[in-house]
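As a plain string of letters, each chain reads:
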Amino acid sequence: MLEIKNLKLSYGNTQVLNGVDLSVNRGDVVSIIGPSGTGKTTLLKCINYLARPASGTIAFDQVRMDYRKPDNTAVQAIRLRTAMVFQQFNVFKNMTVIQNVMDPLVVVQRKSKDEARSIALQELERVGLSNKIDSYPSQLSGGQLQRTGIARALAVKPDVMLFDEPTSSLDPELVGEVLKVIRDVTSSGITSLLVTHEMQFAKNISNRIVFMDRGVVAAQGSPAEIFDTPSNPRLAQFLSSEHSIQ
Ligand SMILES: Nc1ncnc2c1ncn2[C@@H]1O[C@H](COP(=O)(O)OP(=O)(O)O)[C@@H](O)[C@H]1O
Ligand SMILES: [Mg+2]
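Keep in mind it's a predicted model, so treat the numbers as computed, not measured.

**A closer look at the site of ligand 1**
Thinking step 1. Near ligand 1 the following residues occur: Tyr11, Val16, Pro35, Ser36, Gly37, Thr38, Gly39, Lys40, Thr41 and Thr42.
Thinking step 2. Between glycine 37 and ligand 1, the recorded distance is 2.7 Å, taken from a backbone N or O atom to an oxygen atom.
Thinking step 3. At a separation of 2.8 Å, an oxygen atom of ligand 1 approaches a polar side-chain atom of threonine 41.
Thinking step 4. Isolated, ligand 1 exposes 560 Å² of accessible area, and the fraction of that covered by the protein chains is 56%.
Thinking step 5. Per-element tally for the shell around ligand 1: the top contributor is helix 1 (residues 40-47), with three residues.
Thinking step 6. A class-by-class count of the residues in the shell around ligand 1 yields three nonpolar, six polar and one charged.

Following this line, the structure appears as structure tokens:
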């Protein structure tokens with residue numbers, strides 16, 4: 001469904017992606033783990049061209065693009081089929097919860113207000129926010145804000161959900177409610193790529209784990225291969241350092 005090859009990207013003199021290859025099948029739940037600064041966020045952003053690689057290719061079903069020759073039609077087609085949930089919640093402060101979820105449906109997908117509202121209500125129910133639809137972001141907890149962001153992403157019915165450390169800005173007691181929603185979303189069969197430091201969660205929900213290190217995919221495999229029998233020394237070292245901070 002999604003195939004990325006030899007992605008390279010630098011910021012100034014810093015080579016951030018050094019030739020990333022990643023292949024995702026429909027229905028996959030792929031968790032991306034790895035040290036900070038290793039290019040995980042940049043990789044997700046390259047998929048919808050929020051970050052611009054110098055070279056490499058992407059194939060998203062029949063849409064294909066060589067990043068050396070960016071193509072606006074391909075970028076738009078890929079953007080319409082993906083939705084990203086950011087670490088810092090992607091909600092507009094001047095809109096209510098339901099307006100936030102309706103917004104891309106009306107503005108990007110040109111749906112009527114009635115249809116957008118009905119889809120938004122369904123997605124807000126799915127994330128457990130039916131009782132907050134008229135609240136403003138300032139009236140919500142971090143967990144509720146992130147669940148609004150997830151409803152907003154789901155509402156456009158993307159083929160692929162991209163989650164970038166969706167729980168890392170949350171107070172610890174709010175992490176669980178957001179992980180529960182992500183678990184529900186991924187188990188519904190929607191193809192998902194999830195950057196996370198929640199190792200146990202990644203192990204439970206993913207069918208594949210990708211370990212990024214220094215701008216490349218340094219190891220990948222089933223959760224058991226990656227977490228129980230890590231053969232790559234840097235992966236083993238990373239996993240032991242993650243455990244030590246928990
Ligand atoms: N817009 C940017 N401009 C310059 N440097 C950036 C930018 N975004 C990320 N970087 C740098 O690229 C590297 C990889 O960042 P990132 O993809 O955010 O890593 P990760 O998500 O794995 O922590 C880091 O060194 C970061 O400082
Ligand atoms: Mg990141």
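Next comes the rest of the write-up.
**Considerations on the UniProt feature "domain: ABC transporter" (unreviewed entry) in the chain**
Thinking step 1. Cross-referencing UniProt, the feature "domain: ABC transporter" (unreviewed entry) maps to residues 2-239 in the present numbering.
Thinking step 2. The span residues 2-239 is 39% helix and 26% strand, and its two end C-alpha atoms sit 27 Å from each other.

**Concerning the environment of glycine 39**
Thinking step 1. Tracing the sequence through the fold places glycine 39 in the loop between strand 3 (29-33) and helix 1.
Thinking step 2. Along the primary structure glycine 39 and valine 217 are separated by 178 residues, whereas in three dimensions their C-alpha atoms are 9.9 Å apart.
Thinking step 3. Ignoring sequence-local partners within four residues, the contact set of glycine 39 consists of Val16, Leu17 and Met212.

**Describing the side chain of asparagine 232**
Thinking step 1. Topologically, asparagine 232 is positioned in the loop between helix 8 (223-228) and helix 9 (233-244).
Thinking step 2. According to the relative accessible area criterion, asparagine 232 is buried, its value standing at 19%.
Thinking step 3. Within the structure, the side chain of asparagine 232 is placed 3.1 Å from the backbone nitrogen of leucine 235, a separation counted as a polar contact.
Thinking step 4. If we ignore the near neighbours within four places in the chain, the residues touching asparagine 232 are Phe211, Ala218 and Ala219.

Reading the values: rules and limits
- Residues numbered from 1 in each chain as written.
- Chains lettered and ligands numbered in written order.
- Predicted model: local features only at pLDDT ≥ 70, side-chain atom pairs only at ≥ 80, totals over all residues.
- Heavy atoms only, no water.
- Near = heavy atom within 4 Å.
- Polar contact = N/O pair within 3.5 Å; in protein donor to acceptor, adjacent residues only side chain to side chain.
- Areas by Shrake-Rupley, 256 points an atom, 1.4 Å probe, with all protein chains shown as cover.
- Helix = DSSP H or I, 4+ residues; strand = E, 2+ residues; numbered from the N terminus.
- Nonpolar A, V, L, I, M, F, W, Y, C, P; charged D, E, K, R; others polar.
- UniProt positions renumbered as here; feature names shortened; annotations may be inferred.
- Contact = heavy atoms within 4.5 Å.
- Buried < 20%, exposed > 50% of the residue type's maximum accessible area, 1.4 Å probe, protein only.

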